[in-house]
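Residue-level structural notes
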Amino acid sequence: MMAVDVRSGAGNKFDNGLAKPLFDLPNGAFYFDVSREGHFLIPAPVEQTSGGPITVVVNWAAGLRRN
């Protein structure tokens, strides 16, 4: 992703500065969005990690107290 300073010159003249790297996009990020405030939204790959153990309670309704 690159950034360029832009200035309007005399009359209808268009002046631009040199392109500068703004930031690197992650591999595979070919699309992005920019908010009105100038914030970028870019999908980025997340490192895969194994989750912790999961406890599954079956027949939980049978354990409820009945009046």
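Here is what the cut-offs are and how they apply
- Residues numbered from 1 in each chain as written.
- Predicted model: local features only at pLDDT ≥ 70, side-chain atom pairs only at ≥ 80, totals over all residues.
- Heavy atoms only, no water.
- Helix = DSSP H or I, 4+ residues; strand = E, 2+ residues; numbered from the N terminus.
- Buried < 20%, exposed > 50% of the residue type's maximum accessible area, 1.4 Å probe, protein only.
- Contact = heavy atoms within 4.5 Å.
- Areas by Shrake-Rupley, 256 points an atom, 1.4 Å probe, with all protein chains shown as cover.
- pLDDT = per-residue confidence, 0-100.
- Salt bridge = Lys/Arg side-chain N within 4 Å of Asp/Glu carboxyl O.
- Patch = residues over 30% accessible without salt bridge, like charges linked within 9 Å, V, L, I, M, F, W, Y side chains within 5 Å.

With that settled, consider the overall build of the chain. A count of helical and extended segments in the chain gives zero helices and six strands. Listed N to C, the secondary structure of the chain is β-β-β-β-β-β in terms of helices and strands. In the chain, which comprises 67 residues, the share counted as buried stands at 3%. A sequence separation of at least 24 residues applies to 6% of the contacts in the chain between residues at least 6 apart. Of the accessible surface of the chain, which amounts to about 6,800 Å², a share of 55% is contributed by carbon and sulfur atoms.

When pLDDT drops low, the exact placement of atoms in the prediction is not to be read closely. Averaged over every residue, the pLDDT of the chain is 79; residues scoring 70 or more account for 84%. Across the chain, strand β4 (residues 20-21) holds the top mean pLDDT of 88, while strand β6 (residues 40-41) sits lowest at 76.

Applying the stated criterion across every chain, the model contains two salt bridges. A salt bridge links K20 to D5, with the nearest nitrogen and oxygen atoms 3.4 Å apart. Note that K20 is positioned in strand β4 and D5 in the loop between β1 (2-3) and β2 (6-8), a separation of 15 residues in sequence. On the accessibility criterion, K20 (41% relative accessible area) is partly exposed.

This paragraph deals with unusual backbone geometry. Look at N59: it is not a glycine, yet its phi comes out positive at around 55°. Tracing the backbone shows N59 in the segment after β6. Judged by its relative accessible area of 60%, N59 is exposed.

Taken together, the side chains of L22, F32, V34 and F40 define a hydrophobic patch exposed on the protein surface, amounting to about 340 Å² of accessible area. Assignment of secondary structure puts V34 in strand β5 (residues 33-34).

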